Amino acid sequence: MVGLVPYASLNSDSPLSEAITATPYGRWLSILMNLGGIAGLTTVGMTLVLSQTRFFYAMAHDGLLPHIFAKLHRKTNTPWISTLICGIFCALFSGFCPVDILGETTSISALIIYIFAHVSVVV
């Protein structure tokens, strides 16, 4: 990226987008890269919400959380109350937090989940 633009112009929230704008493909490729970043952040967030509901279900099934988190829906056979609680919490959190804090939070939470999953496999 430093070869495309001076390094001082890379001090922004989206340095890859700034560097791509300097190329002949400029505007449309920059928009495509930004949309890809938004899609990636969204899918990671949705995956974390779905995995969190399964963790709550397993913990409630083992007696570590209230039994309401282990209640399954009649038709879909999924833990619907924990999905609702996690979805509302994540919607409120993402509605009030800036995108940079949201991105850092999803990255750290994915790292922590993977660490605990791997440690639990060893144990």
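Every residue gets a number counted from 1 within its own chain, in the order that chain's sequence is written. Restriction of local features to residues with pLDDT of at least 70 applies here, the model being predicted, together with a cutoff of 80 or more for giving and counting side-chain atom pairs; totals for whole chains, interfaces and linings are based on all residues. Just so you know, side-chain values use all the structure's heavy atoms and leave hydrogens and water out.

1. Section: the overall build of the chain
Now for step 1: Under the scheme used here, helices are H or I runs from DSSP no shorter than 4 residues and strands are E runs no shorter than 2 residues, and both carry numbers assigned from the N terminus. Across its full length, the chain holds four helices and zero strands.
Now for step 2: In sequence order, the secondary structure elements of the chain are arranged as α-α-α-α.
Now for step 3: Its C-alpha atoms give the chain a radius of gyration of 20 Å, more than 25% over the compact-globule value 14 Å for 123 residues.
Now for step 4: Taken along the three principal axes of its C-alpha coordinates, the chain extends 60 × 35 × 25 Å.
Now for step 5: Type-normalised accessible area, obtained with a 1.4 Å probe on protein chains alone, sets the label of each residue: buried when under 20%, exposed when over 50%, and partly exposed for intermediate values. Residue burial in the chain is summarised as follows: out of 123 residues, 19% are buried.
Now for step 6: In the chain, the share of contacts with a sequence separation of at least 24, taken over all contacts with a separation of at least 6, comes to 31%.
Now for step 7: Approximately 9200 Å² of the chain is accessible, and the part contributed by carbon and sulfur atoms is 71%.
Now for step 8: His is not counted here, nor are the chain ends, while Lys and Arg score as positive and Asp and Glu score as negative. By convention, the point assigned to a charge is CZ for Arg, NZ for Lys, CD for Glu and CG for Asp. Looking at charge distribution, the chain has the averaged site of its 5 positive side-chain charges lying 27 Å from that of its 5 negative ones. Atoms counted for the radius of gyration: C-alpha only. Globule rule: 2.2 Å times the number of residues to the power 0.38. Any two residues whose heavy atoms approach within 4.5 Å at even a single point are treated as in contact. Computed by Shrake-Rupley with a 1.4 Å probe, the accessible areas treat only the displayed protein chains as cover when residues are assessed.

2. A look at the side chain of Ser-30
Now for step 1: You can see Ser-30 is positioned in helix 2 (residues 26-61).
Now for step 2: A relative accessible area of 4% means that Ser-30 is categorised as buried.
Now for step 3: Discounting chain neighbours no more than four positions away, the residues touching Ser-30 are Ser-17, Ile-20 and Thr-21.

3. Topic: the UniProt feature "transmembrane region" (unreviewed entry) in the chain
Now for step 1: In this structure's numbering, the residues bearing the UniProt feature "transmembrane region" (unreviewed entry) are residues 31-57 and 78-96.
Now for step 2: Along residues 31-57, the helical share is 100% and the strand share 0%, with 39 Å between the first and last C-alpha atoms.
Now for step 3: Taken end to end, residues 78-96 has its terminal C-alpha atoms 28 Å apart, with 89% of it in helix and 0% in strand. UniProt positions are given in the numbering used here, feature names are shortened, and annotations may be inferred rather than shown by experiment.

4. Notes on the packing of aromatic side chains
Now for step 1: Any pair of Phe, Tyr and Trp rings, taking the six-membered ring for Trp, is counted once the centres come within 6.5 Å. Such a pair is stacked with planes under 30 degrees apart, edge-to-face with planes over 60 apart, and tilted for the rest. Under the criterion given, the structure shown has two aromatic pairs.
Now for step 2: Centroid distance Phe-89 to Phe-93: 6.1 Å. Interplanar angle 15°. Geometry classified as stacked. Residue Phe-89 and its partner Phe-93 are both found in helix 3 (residues 80-96); the two are separated by four residues, about one turn of the helix.
Now for step 3: Given a relative accessible area of 55%, Phe-89 falls into the exposed group.
Now for step 4: For Phe-93, a relative accessible area of 30% gives the class partly exposed.

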